Amino acid sequence: MMFADQERDLATLAAADRYRSLRPRTGVDFASNDYLGLAGSDRLRAAMIEALSRGVPVGSGGSRLLRGNAPEHETLEADAARFFRTEAALFFASGYIANTILFATLPQRGDLIVHDALIHASAHEGMRLTRATCVSAEHNDASAFEDVIANWRKTGGKGRVWIAVESLYSMDGDRAPLADLARIADRHDAILLIDEAHATGVFGTDGHGLAEGLDGRDNVITLRTCGKALGCEGALLCGPAVMRAFIVNRGRGFIFSTAPSPLMALAVGEALRIMADEPARRARLWDLVATAERVLAPYGVAATGSQILPLIVGDAARTMHVAGAIQAAGFDVRGIRPPTVPQGTSRLRISLTLNATAADIEALGEVMKEALQ
């Protein structure tokens, strides 16, 4: 058999109840990252229609360094730099690609990347390609980061230190100690890399995120994913101009990739304006968070102070059974198992978006009560 190794691997996954398959989305949305409900917004739709009507192309036609560099890309990057108060921004087709290119390109041989133990898979992909030394630090423990740096220096490490975290973690809904990490970065002449994927649009003035106030510093780079609260696709790396120039010149994943659609660049720019123009969206989301924390607390759902609420079940099989019962009742709540989360911490991940209502949350609570018995 031509694909015998792959067939055996798939059989192993199936035996461990880890076989994945794609299926249509159904039920009330408690699973997506469309936090502000922008993916289907009339304003974004109108902006795309208007752009198409005046001839903005669907495809870019090439890499950014060839003919793929459209005015819409340049406009978005200038707008994003102003919005997030940074020197420069660079647009990518996805957050995964942006993170991979960032970690693979900027840190150099002899440098140290000290990263949170729960950092996203895309960062790990980039670190797999980097020439720097990579060391994990205990989750959300600022002192652990400083200990790693100190130990590395004691053993002869002389290069640049890169501190890599997410501001808001997508499986637990908890936050990085950014102020403490910024002080550590200053003390050690380090560069702080902050993945703002789940915070952009939800936290901060006009949706600037949890890194608000750190953007614009010469030792901070932020990743702003556009496929979550912004309701679009792609990602923006925001930071010093030298970051942008170095990736344009040395980032193989950027140099040799077809540029993102000019239409999507235009849509992201409109989404940034919506975030500033419509603060009521964030206010409505925070009302839903308060409702969910009240309604779902009796069933073990942790209050995180964010739009991401986990219910740790523990056992993977029971987690998927409970998720299936909730889905059958019309609510799209997903079970999350290892290796996405550590062994023994399988969970329901409840994501709050403007695609659900307070009444939906009340109804979900009743369904969870039955499903967890």
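Please refer to the structure placed before this passage.
Everything numeric here is computed off the predicted structure, so don't read it as measured data.

K.L.:
Please give an account of the overall build of the protein that cites residues and values.
P.N.:
Within the protein, the secondary structure is distributed over 13 helices and 12 strands. Against the compact-globule benchmark of 21 Å for 373 residues, the protein has a radius of gyration of 21 Å, which places it among compact chains. C-alpha atoms of the protein, sized along the principal axes, occupy 60 × 55 × 55 Å. Here the protein, with 373 residues, has 51% of them falling under the buried criterion. For the protein, the share of sequence-separated contacts (at least 6 apart) that also reach a separation of at least 24 residues comes to 70%. Carbon and sulfur atoms provide 53% of the accessible area of the protein, an area that totals close to 16900 Å². If the 39 positive side-chain charges of the protein are averaged to one point and the 44 negative ones to another, these points end up 4 Å apart.

K.L.:
I'd like a description of the pattern of salt bridges, backed by residues and values.
P.N.:
Where charged atoms of side chains with opposite charge meet at close range, the side chains can pair. By the definition in use, this model includes 25 salt bridges. With a shortest N-O distance of 2.5 Å, Arg-217 and Asp-186 are connected by a salt bridge. In this pair, Arg-217 is assigned in the loop between strand S6 (191–195) and strand S7 (220–225) and Asp-186 in helix H7 (residues 178–187), connecting sequence segments 31 residues apart. For Asp-186, a relative accessible area of 44% translates into the label partly exposed. Here Arg-224 and Asp-215 are joined by a salt bridge, their closest N and O atoms 2.1 Å apart. The residues Arg-224 and Asp-215 share a single accessibility class, namely buried. The structure contains a network of salt bridges with shared partners spanning Arg-43, Asp-79, Arg-82, Glu-270, Arg-273, Asp-277, Glu-278 and Arg-281.

K.L.:
Please provide a residue-by-residue account of the sheet that holds strand S5 (residues 161–166), values included.
P.N.:
Taken together, the seven strands give an open sheet; going across it, the order is S2-S8-S7-S6-S5-S3-S4, and neighbouring strands pair in mixed fashion. Where the open sheet ends on each side, the last strands, each with one partner, are strand S2 (88–92) and strand S4 (133–137). Mean inter-strand twist for the sheet, computed between neighbouring axes without regard to direction, equals 20°. Relative to S5, strand S3 (residues 112–116) runs parallel, the two being bridged by four bridges. In the strand pairing of S5, Val-114 is matched with Ile-163. Helix-sheet contacts for helix H6 (residues 142–154) involve S3, S4 and S5, and the interaxial angle to S3 is about 160°.

K.L.:
Before we move on, can you summarise the nonpolar core with the specific residues and values?
P.N.:
The biggest cluster of nonpolar side chains holds 55 residues, and the ones touching the most others in it are Phe-30, Leu-236, Ile-326, Ile-350, Leu-352 and Leu-364. Among the elements that take part in this core, helix H10 (residues 262–277) stands out by supplying eight residues, more than any other. Sequence-distant contacts of Leu-352, that is, excluding residues within four places in its chain, are made with Phe-30, Tyr-35, Leu-285, Leu-288, Val-289, Ala-292, Gln-307, Leu-309 and Ile-361. Of all hydrophobic cores here, the second largest spans 25 residues; its members include Val-165, Ala-176, Leu-178 and Leu-192.

K.L.:
Before we move on, could you go through the packing of aromatic side chains and cite the residues and values that matter?
P.N.:
Across all of its chains, the model carries four aromatic pairs by this definition. Between Phe-83 and Phe-84 the ring centres are 4.9 Å apart and the planes differ by 80°, which places this aromatic pair in the edge-to-face class. Taking relative accessible area as the criterion, Phe-83 reaches 13% and is therefore assigned buried. Phe-84 gets classed as buried once you look at its relative accessible area, which sits at 2%. Ring geometry for Phe-92 versus Phe-254: centroids 5.9 Å apart, planes at 70°, classification edge-to-face. Taken together, the residues Phe-92 in strand S2 and Phe-254 in helix H9 (residues 252–255) connect sequence positions 162 residues apart. For the pair shown, Phe-92 and Phe-254 are each scored as buried.

K.L.:
Residue-level account of the pairing of S5, with values.
P.N.:
With six of six residues buried, S5 lies mostly within the body of the structure. Alternating positions in S5 separate into two faces, Val-161, Ile-163 and Val-165 on one and Trp-162, Ala-164 and Glu-166 on the other, with burial throughout. Sheet topology note: the S5/S6 ladder contains five bridges and is parallel. Along S6, the bridge assignment pairs Val-165 with Ile-194. Following the backbone out of S5, through H7 and into the adjacent parallel S6, one traces a crossover that is right-handed.

K.L.:
So what's going on with the side chain of Asp-29? Which residues, and what values?
P.N.:
Position of Asp-29 relative to the elements: it lies in strand S1 (residues 28–29). One buried charged residue, Asp-29, forms no salt bridge at all, with the nearest opposite charge on Arg-25 at 6.9 Å. There is a polar contact of 3.0 Å between the side chain of Asp-29 and the backbone nitrogen of Ala-31.

K.L.:
Pulling in residues and values, what's your account of the sheet that holds strand S9 (residues 308–314)?
P.N.:
Within the open sheet, the three strands sit side by side as S9-S12-S11. Their pairing is antiparallel. Two strands close off the open sheet at either side, each with one partner strand: S9 and strand S11 (334–336). Averaged over neighbouring strand pairs, the angle between their axes works out to 30° when direction is ignored. Across six bridges, the pairing between S9 and strand S12 (residues 346–351) is antiparallel. Within S12, the position partnered with Leu-311 by the bridge is Leu-348. Along the sheet face, helix H12 (residues 316–328) touches S9, S11 and S12 and points at about 30° away from the line of S12.

Calculation notes
- Residues numbered from 1 in each chain as written.
- Predicted model: local features only at pLDDT ≥ 70, side-chain atom pairs only at ≥ 80, totals over all residues.
- Heavy atoms only, no water.
- Helix = DSSP H or I, 4+ residues; strand = E, 2+ residues; numbered from the N terminus.
- Rg over C-alpha atoms; globule rule 2.2 N^0.38 Å.
- Buried < 20%, exposed > 50% of the residue type's maximum accessible area, 1.4 Å probe, protein only.
- Contact = heavy atoms within 4.5 Å.
- Areas by Shrake-Rupley, 256 points an atom, 1.4 Å probe, with all protein chains shown as cover.
- Lys, Arg positive; Asp, Glu negative; His and termini not counted.
- Charge placed at Lys NZ, Arg CZ, Asp CG, Glu CD.
- Salt bridge = Lys/Arg side-chain N within 4 Å of Asp/Glu carboxyl O.
- Pairing = 2+ DSSP bridges.
- Axes fitted to C-alpha atoms, helices over the stretch in contact; angles between N-to-C directions.
- Core = buried A, V, L, I, M, F, W, Y, C linked by side-chain atoms within 4.5 Å.
- Phe/Tyr/Trp six-rings, centres within 6.5 Å; stacked < 30°, edge-to-face > 60°.
- Right-handed = clockwise from strand over helix to strand, strands pointing away.
- Polar contact = N/O pair within 3.5 Å; in protein donor to acceptor, adjacent residues only side chain to side chain.

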